[in-house]
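The chain contents come next:
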Amino acid sequence: MRQEIAFKCSYDKHRNAHFNAYPQNMNKTDASLVFTANVRRLMDSRGDSQAALAGRAKVSQRAIGDLMTYGRSHFKNPTLKTIEGIAHAYGVPVWTLMLPDAPIELLGEKALPALVEGYVTLESVGRTAVQNTLSQELRYHEAKSQQRKSA
């Protein structure tokens, strides 16, 4: 078994990889992949270089480089210091960078964290009202989408 792992690792040129760390074995919702994709999109939208982000996040440029190549050439997870530093650099809570498929305009906005913080402070009746409003909005947008497809 060890020889098989060593052979696969050396064959794929992954010195620090382990047997289950290859893309065909990865969960599509890997939190590090989601985080990496969101950071990459934020960097692109703001024109940030790895060096600029590393400086603002107070982490090494190598940490940012490792994050940018996560899932391509290695599977070294970012450290908590790196994750928190990047969130601080963009002025957002860490959890917003962990939202899969979040629109780029929501990732850097203060509105989403404010909405969640407000929701948490509501009593049960208020949360139910917010959930009902959201359900109505989703149904409305789904119906509009269906109308566009049929037109």
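Residues numbered from 1 in each chain as written. Predicted model: local features only at pLDDT ≥ 70, side-chain atom pairs only at ≥ 80, totals over all residues. Heavy atoms only, no water.

**What to know about the overall build of the protein chain**
Then comes step 1: Scanning the protein chain for helices and strands turns up 8 helices and 0 strands.
Then comes step 2: In the protein chain, buried positions account for 29% of the 151 residues.
Then comes step 3: Once local pairs closer than 6 in sequence are excluded, the contacts in the protein chain between residues at least 24 apart make up 51%.
Then comes step 4: Carbon together with sulfur atoms contributes 56% to the accessible area of the protein chain, which is approximately 10,600 Å² in total. (Helix = DSSP H or I, 4+ residues; strand = E, 2+ residues; numbered from the N terminus. Buried < 20%, exposed > 50% of the residue type's maximum accessible area, 1.4 Å probe, protein only. Contact = heavy atoms within 4.5 Å. Areas by Shrake-Rupley, 256 points an atom, 1.4 Å probe, with all protein chains shown as cover.)

**Some points on the packing of helix 3 (residues 50-57) against helix 4 (residues 61-68)**
Then comes step 1: Axis separation between helix 3 and helix 4 bottoms out at 8 Å; the angle between their running directions is 120 degrees. Classified by the angle between their axes, helix 3 and helix 4 sit oblique to one another. Both helix 3 and helix 4 take part in a crossing whose hand is right-handed. Along the contact surface, helix 3 presents Gln50, Ala51, Leu53 and Ala54, while helix 4 presents Gln61, Ile64, Gly65 and Met68.
Then comes step 2: When grouped by side-chain class, the residues that make up the contact of helix 3 with helix 4 number 5 nonpolar, 3 polar and no charged. (Axes fitted to C-alpha atoms, helices over the stretch in contact; angles between N-to-C directions. Parallel < 35°, antiparallel > 145°, perpendicular 65-115°, else oblique. Left-handed = near helix turned anticlockwise from the far one by under 90°. Nonpolar A, V, L, I, M, F, W, Y, C, P; charged D, E, K, R; others polar.)

**A short note on the packing of helix 3 against helix 5 (residues 80-90)**
Then comes step 1: Following both chains from N to C, one finds helix 3 and helix 5 inclined at 95 degrees, their axes separated by 8 Å at the closest point. Relative to helix 5, the element helix 3 is oriented roughly perpendicular. For the pair helix 3 and helix 5, the contacting residues are Leu53, Arg56 and Ala57 in the first and Gly85, Ile86, Ala89 and Tyr90 in the second.
Then comes step 2: Here the residues of the contact of helix 3 with helix 5 are counted per class, giving 5 nonpolar, 1 polar and 1 charged.

**Re the nonpolar core**
Then comes step 1: Counting residues in each nonpolar core, the largest one holds 21 residues, and the members touching the most others are Phe35, Val39, Leu53, Ile64, Ile86, Tyr90 and Leu97.
Then comes step 2: When near neighbours in sequence (up to four residues on either side) are disregarded, Ile64 contacts Gln50, Leu53, Ala54, Val59 and Ile86. (Core = buried A, V, L, I, M, F, W, Y, C linked by side-chain atoms within 4.5 Å.)

**Considering helix 4**
Then comes step 1: In terms of burial, helix 4 is a largely internal element, 6 of the 8 residues being buried.
Then comes step 2: What helix 4 keeps buried is the set Ala63, Ile64, Gly65, Asp66, Leu67 and Met68.
Then comes step 3: Considering only its buried residues, helix 4 is in contact with helix 2 (31-46), helix 3 and helix 5.

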